[in-house]
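As a plain string of letters, each chain reads:
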Amino acid sequence: MIPRWLFAALLLGAGCQEGPPPPPFDGQAALAYVARQVAFGPRVPGTEPHRRMGDWLDSLLTARADTVVVQAFDHVTLAGDTLPLRNFLARFRPEAEDRILLLAHWDTRPRADAAGSSDRAAPVPGANDGGSGVAVLLGVADAIASAGGPPRGVDLLFVDGEDYGVFADSADVLIGSTWFARHLPPGPRPRYAVLFDLVGAANPRFAQEGYSLTGAPDVVRRVWETAERLGHGAMFPVESGIPIKDDHLPLQRAGIPAVDVIDLRFLNGAIWHTPDDTPDKVSAATLQAVGEVALALLWESAR
């Protein structure tokens, strides 16, 4: 006969099961996605590499997602230039009420104008700044497709025009995410959103970004607890970081709890916004860890 205490424990354990684990993430394949993006050339809005990169994204996502929404629009800069931009929204189980949104920007900065840059007029290759977040989302799309679909609704958003202008005065930056927030597609809104930016450098430290802590503290706790549970706590320390203007802010203003997973130390390094932001500076191990966290968020039981 099973003792009563053991029978109760077994019942409790059965009630706490999380369901099937998420599919595996392939960090090496994600690193190859970084190299492929950089091979197009700098993805500056209005250029041929930017157009070809967008067409490539559209093709990849169409082959993996249930549906792809393309938001094509023109943006006129303060200087009077017209930029042709495209956001890509890959939707899995678009009818599901319970949804999570993951996003990254796919454009690159037109000028490597960081202090100390070897050529401040050159465009940025964007391996980590742009390429890494896109690579994580594409790796997530691959994993979802291999699993036959996610357990809930998932939206993967690739926003354009994040890095074009001047962040100090908010001119011509966060263009795609601002457009998306003002033109949300019909249907259920995501329960929360996670932005991945500068997520590929070796030995990263993803402190909890300031606007994320004030705007979506429950989502911060969920993401960082998930990372700790997976053994990635060293990369995701529970410490407060500085606030950063990034693509999560337009979503917060639209009423979507959104957080930014970003390696804040990279902003103060010798590579950010320079011609040295190349694929050899990106780590498959880092992409692996970030991708595992992303998939675990999508597969965890709703709570």
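Quick note: structure is the one above.
Since this is a predicted model, take the numbers as computed values, not measurements.

**Q** Kindly report on the overall build of the protein chain, identifying the contributing residues and their values.
**A** The number of helices and strands found in the protein chain is nine helices and six strands. In terms of principal-axis extent, the alpha carbons of the protein chain reach across some 80 × 40 × 35 Å. Taken across its 303 residues, the protein chain has 55% of its residues classed as buried. Carbon and sulfur atoms form 57% of the exposed surface of the protein chain, whose accessible area is close to 12700 Å².

**Q** Go over the sheet that holds strand β6 (residues 258–262) with me, naming the residues and quoting the values.
**A** Taken together, the six strands give an open sheet; going across it, the order is β1-β2-β4-β3-β5-β6, and neighbouring strands pair in mixed fashion. Strand pairing shows two members of the sheet lacking a second neighbour, β1 (67–76) and β6, which therefore form its edges. On average, adjacent strands in this sheet sit at an angle of 20 degrees to one another, irrespective of strand direction. Relative to strand β4 (residues 153–159), strand β3 (residues 99–105) runs parallel, the two being bridged by seven bridges. Across the sheet, residue L101 finds its bridge partner in β4, namely D155.

**Q** Report on the packing of aromatic side chains, specifying residues and quantitative values.
**A** One pair of aromatic rings is described through two measures. These are the centre distance and the angle between the planes. Following the criterion strictly, the structure yields six aromatic pairs and no others. Ring centres of F88 and W106 lie 5.9 Å apart, and the angle between their planes is 55 degrees; on these two criteria the pair is classed as tilted. Here F88 is found in strand β2 (residues 82–92), whereas its partner W106 is found in the loop between β3 and α4 (131–146), with 18 residues between them in sequence. Taken as a pair, F88 and W106 share a single burial class, namely buried. When the centroid spacing of 5.5 Å and the interplanar angle of 75 degrees are considered together, the rings of W224 and F236 count as edge-to-face.

**Q** Residues and numbers for the side chain of H75, please.
**A** By the element assignment, H75 lies in strand β1. Ignoring any residue separated from it by four or fewer positions in sequence, one finds H75 in contact with D81, T82, L83, L85, D172 and I175.

**Q** Can you tell me about helix α7 (residues 217–229), naming the residues and giving the values?
**A** Its 13 residues place the ends of α7 18 Å apart at the C-alpha level, agreeing with the 18 Å of an ideal helix rising 1.5 Å per residue. Looking at α7, one finds that the buried residues are V219, V220, R222, V223, W224, T226 and A227. Where α7 is buried, its residues contact β5 (192–197), α6 (210–215), β6 and α9 (284–299). Two residues or fewer after α7 comes G231, characterised by a positive phi angle close to 90 degrees.

**Q** Now, about the packing of helix α2 (residues 27–39) against α9: what can you tell me, with residues and values included?
**A** The contact between α2 and α9 brings their axes to 8 Å, and the two run at 115 degrees. The angle between α2 and α9 places the two elements in the roughly perpendicular class. The interaxial crossing formed by α2 with α9 has right-handed handedness. For the pair α2 and α9, the contacting residues are G27, Q28, A30, L31 and V34 in the first and A284, L287 and Q288 in the second. Within the contact of α2 with α9, the residues separate by chemical class into five nonpolar, three polar and no charged.

Quick notes on the rules
Residues numbered from 1 in each chain as written. Predicted model: local features only at pLDDT ≥ 70, side-chain atom pairs only at ≥ 80, totals over all residues. Heavy atoms only, no water. Helix = DSSP H or I, 4+ residues; strand = E, 2+ residues; numbered from the N terminus. Buried < 20%, exposed > 50% of the residue type's maximum accessible area, 1.4 Å probe, protein only. Areas by Shrake-Rupley, 256 points an atom, 1.4 Å probe, with all protein chains shown as cover. Pairing = 2+ DSSP bridges. Axes fitted to C-alpha atoms, helices over the stretch in contact; angles between N-to-C directions. Phe/Tyr/Trp six-rings, centres within 6.5 Å; stacked < 30°, edge-to-face > 60°. Contact = heavy atoms within 4.5 Å. Expected span 1.5 Å × (residues − 1). Parallel < 35°, antiparallel > 145°, perpendicular 65-115°, else oblique. Left-handed = near helix turned anticlockwise from the far one by under 90°. Nonpolar A, V, L, I, M, F, W, Y, C, P; charged D, E, K, R; others polar.

Read these as geometric descriptors, not functional statements.
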